[in-house]
Amino acid sequence: MGVGAGRSLAEAKSLADSLPGLLVEARRIATTVLAGWHGRRRAGPGETFWQFRPFVAGEAPGRIDWRRSARDEHLYVREREWEAAHTIWLSADLSQSMDFRSKLATVSKRDRAVVLLLALAELLAGAGERIGLLGIGDPVLARNAAERLAETLALRGGGATGLPDTRRLTRFSDLVLIGDMLDPLAEIESKFAEFSRAGATVHLVEIRDPVEETFPYAGRAEFRDPESGAVYLAGRAEQLAEDYRRHLAARRDHLAATCRRMGWTYLLHRTDRPATEPLLALHARLSDRSLAGGAV
């Protein structure tokens, strides 16, 4: 077994071991957000009848159409037209750069990304949304979607690195993309173009550790790229701080402007801040799109 393969297996095992605790944390955060959220009812074109389908164990009983179910011994759900066409895809970057955690944060970027993904899945599943892990698994429509997504991540999430595969994206679908966005800008823009051609709406959540924002280093410091292993040795790190912050701000502004131009949304989240902050914003934005029947 090569060094790269051994490292991949170790990363997959680390993710699988941490997922039960992250799922518990995600449910706690989702409950906190839901307690402060005044639910909205769907209306308009989204109420157009599409089809009846069999009731799936784990779904909310309130979705059952009792009149149709009374005709035989099976339970059926009345599916709306926008539900049949609309899927919310979730994607979290689980590459090595996301394992970073400084002393200024209580969690790594990877763990915060997974918690946000699972907490959002918990909220969306409760609202009857169809949810999937882009490039990893099929979408599910079930009350226990967060648990099922966690199981999929445990089995296959070790390969969920970088930007996701776009082949499953369709028009009117939403994609919540969570990561540190440290890929080369040319690669990010190429992937964004694929999202746009597919007709999907992207909700970008850029995750940052506080030291990545503040660059508090001084004196002799060694910086190592977790992806390539490249090492840079700075004799006086404080001399790099101003240029670093300017470069980071310009990169962030570029991503935010790209999202605005495409009618997408952008959030910046630091891991020393509560996870409820981006989750509440995401929930509101996705709820607004559902109310509009998927329109931007």
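Chemist: Talk me through the overall build of the protein; I want residue IDs and the actual numbers.
Modeler: The helix and strand inventory of the protein stands at nine helices and nine strands. Counting every position in the protein, which comprises 296 residues, the buried fraction comes to 46%. At a minimum sequence separation of 6, the contacts of the protein that also span at least 24 residues come to 72%. Accessible area for the protein stands at about 15,200 Å²; split by element, carbon and sulfur atoms hold 53% of it.

Chemist: Explain the sheet that holds strand E6 (residues 201-208) to me, and be specific about the residues and the numbers.
Modeler: Pairing within the open sheet is parallel, and its five strands lie in the order E4-E3-E5-E6-E9. This sheet does not close on itself; its edge strands, each paired only once, are strand E4 (131-133) and strand E9 (265-270). If you compare each strand with its neighbour and ignore which way they point, the axes differ by 20° on average. Of the strand pairs in this sheet, strand E3 (residues 88-92) and E4 are connected by three bridges, and their pairing is parallel. Paired with Ile88 across the two strands is Ile131, which belongs to E4. Along the sheet face, helix H5 (residues 145-156) touches E3 and E4 and points at about 10° away from the line of E4.

Chemist: Before we move on, can you summarise the nonpolar core with the specific residues and values?
Modeler: Leu90, Leu117, Leu118 and Leu149 are the most contacted members of the largest nonpolar core, which totals 43 residues. Those elements giving two or more residues to this core turn out to be helix H1 (3-35), E3, helix H4 (109-126), E4, H5, strand E5 (174-179), E6 and helix H9 (276-291). Per element, the largest residue contribution to this core is twelve residues, and it comes from H4. Not counting residues up to four positions away in its chain, the partners in contact with Leu90 are Leu117, Leu120, Ala121, Ile131, Gly132, Leu133, Leu134, Leu149, Leu175 and Val176.

Chemist: Which residues make up the pairing of E5, and what values do they have?
Modeler: Remark: a regular strand shows side chains that alternate across the two faces of the sheet. With respect to burial, E5 is a largely interior element, six of its six residues being buried. Relative to E5, E3 is paired through five bridges, and the arrangement is parallel. Paired with Ala92 across the bridge in E5 is Ile178. As judged from the six bridges shared by E5 and E6, these two strands associate in the parallel manner. Residue pairing for E6: Ile178 is matched across the bridge by Val205.

Chemist: Summarise the packing of aromatic side chains; cite the residues concerned and give the values.
Modeler: In total, this model carries seven aromatic pairs according to the counting rule given. When the centroid spacing of 5.4 Å and the interplanar angle of 80° are considered together, the rings of Phe192 and Trp264 count as edge-to-face. Here Phe192 is found in helix H6 (residues 185-198), whereas its partner Trp264 is found in the loop between helix H8 (241-261) and E9, with 72 residues between them in sequence. Like Phe192, the residue Trp264 is buried in the burial classification. Relative to Phe223, the ring of Phe215 has its centre 5.7 Å away and its plane inclined at 20°; by these criteria the two rings are stacked.

Chemist: Help me get a handle on the layout of surface pockets, residues and values and all.
Modeler: There is about 1,000 Å³ of room inside the largest pocket. Leu182, Glu212, Arg224, Asp225 and Pro226 are the residues nearest the centre of the largest pocket, which is lined by 31 residues in total. Listed by contribution, the elements that provide at least two residues to the lining of the largest pocket are helix H7 (210-214), strand E7 (221-224), strand E8 (231-234) and H8. The dominant element in the lining of the largest pocket, judged by the number of residues it contributes, is H8, at four residues. Residue composition of the lining of the largest pocket, grouped by class: 13 nonpolar, six polar and twelve charged.

Chemist: Give a description of the side chain of His269 that names residues and reports values.
Modeler: For His269, the location among the structural elements is in strand E9. In this structure His269 touches Arg112, Leu116, Val205, Glu206, Ile207, Arg208, Pro274, Ala275 and Pro278, once residues within four positions along its chain are discounted.

Chemist: Please provide a residue-by-residue account of unusual backbone geometry, values included.
Modeler: The phi dihedral of Phe172 falls on the positive side, at around 80°, and the residue is not glycine. The topology assignment puts Phe172 in the loop between H5 and E5. With a phi close to 45°, Phe215 is a non-glycine residue in the positive phi region. Within the secondary structure, Phe215 is located in the loop between H7 and E7.

Here is what the cut-offs are and how they apply
Residues numbered from 1 in each chain as written. Predicted model: local features only at pLDDT ≥ 70, side-chain atom pairs only at ≥ 80, totals over all residues. Heavy atoms only, no water. Helix = DSSP H or I, 4+ residues; strand = E, 2+ residues; numbered from the N terminus. Buried < 20%, exposed > 50% of the residue type's maximum accessible area, 1.4 Å probe, protein only. Contact = heavy atoms within 4.5 Å. Areas by Shrake-Rupley, 256 points an atom, 1.4 Å probe, with all protein chains shown as cover. Pairing = 2+ DSSP bridges. Axes fitted to C-alpha atoms, helices over the stretch in contact; angles between N-to-C directions. Core = buried A, V, L, I, M, F, W, Y, C linked by side-chain atoms within 4.5 Å. Phe/Tyr/Trp six-rings, centres within 6.5 Å; stacked < 30°, edge-to-face > 60°. 1 Å grid on protein atoms, 1.4 Å probe; cavity = no way out; pocket = protein on both sides within 12 Å on 5 of 7 lines; lining within 4 Å. Points joined across faces, edges and corners; volume = space filled by probe spheres on them. Nonpolar A, V, L, I, M, F, W, Y, C, P; charged D, E, K, R; others polar.

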